[in-house]
Amino acid sequence: MSAPAQLRVVLVEDSPIIRERLVESLTATGVIKVVGYADSERAAVAALASGEWDAVILDLQLKQGTGLGVLKALGSVRPAGAKVIVLTNYAIPQYRDRSLALGADYFFDKSREYDRVRNVLEEMAGAR
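If you're wondering where the values come from, they're calculated on a predicted model, not measured in any experiment.

Colleague: Looking at this structure, I do not really get the pattern of salt bridges. What am I missing?
Modeller: Opposite charge on two side chains makes pairing possible when the charged atoms of those side chains draw close. Counted by the stated rule, this structure contains nine salt bridges. Here Asp105 and Arg78 are joined by a salt bridge, their closest N and O atoms 2.3 Å apart. With Asp105 in the loop between α4 (93–101) and β5 (106–109) and Arg78 in the loop between α3 (67–74) and β4 (83–88), the pair connects residues that are 27 residues apart, well separated along the chain. Assessed through its relative accessible area of 26%, Arg78 is described here as partly exposed.

Structure representation (structure tokens):
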């Protein structure tokens, strides 16, 4: 019996420090594999177009463009069952409402709910 496949995650985050911290935290469990990253809207849409991912962690503020623009573009390329987790410092109700309306499954505040991202992904991996 082989081990279950790792959950494939794409990081859309423009801060190298936060990106590195996320990679360390997520991959420590062995059930999550970071398969790509992007720091701009255009790069994110290109990375996600492959459809070879199970979840994306999406910041709203990017080097170019926004996470909301990425969410709008995901409609046509989002794999069945894939989850979108918005993780942002701009956790105001308007952004939360807009993100959820555009298809985000979760919306977390970087400063207060950072650890919830890993919990959600580990639950996803365990349910496979």
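Having seen it, we continue.
Colleague: What am I meant to see in the sheet that holds β5 here?
Modeller: Sheet strands line up and pair through hydrogen bonds in the backbone, either parallel or antiparallel. With respect to topology, five strands assemble into an open sheet ordered β2-β1-β3-β4-β5, the strand pairing being parallel. A single partner strand is all that each edge strand has here, and the edge strands are β2 (32–38) and β5. Taking the axes of each pair of neighbouring strands and ignoring which way they run, one obtains an average angle of 20 degrees across the sheet. One ladder, built from four bridges, connects strand β3 (residues 55–58) with β4; its direction is parallel. By the bridge assignment, Ala55 is partnered in β4 with Lys83. Packing of α3 onto the sheet brings it into contact with β3 and β4, and relative to β3 it is tilted by some 155 degrees. Contacts from helix α5 (residues 110–127) reach β1 (7–12), β2, β3, β4 and β5 within the one sheet, and its direction differs from that of β5 by about 145 degrees.

About the thresholds
Residues numbered from 1 in each chain as written. Predicted model: local features only at pLDDT ≥ 70, side-chain atom pairs only at ≥ 80, totals over all residues. Heavy atoms only, no water. Salt bridge = Lys/Arg side-chain N within 4 Å of Asp/Glu carboxyl O. Helix = DSSP H or I, 4+ residues; strand = E, 2+ residues; numbered from the N terminus. Buried < 20%, exposed > 50% of the residue type's maximum accessible area, 1.4 Å probe, protein only. Pairing = 2+ DSSP bridges. Axes fitted to C-alpha atoms, helices over the stretch in contact; angles between N-to-C directions. Contact = heavy atoms within 4.5 Å.

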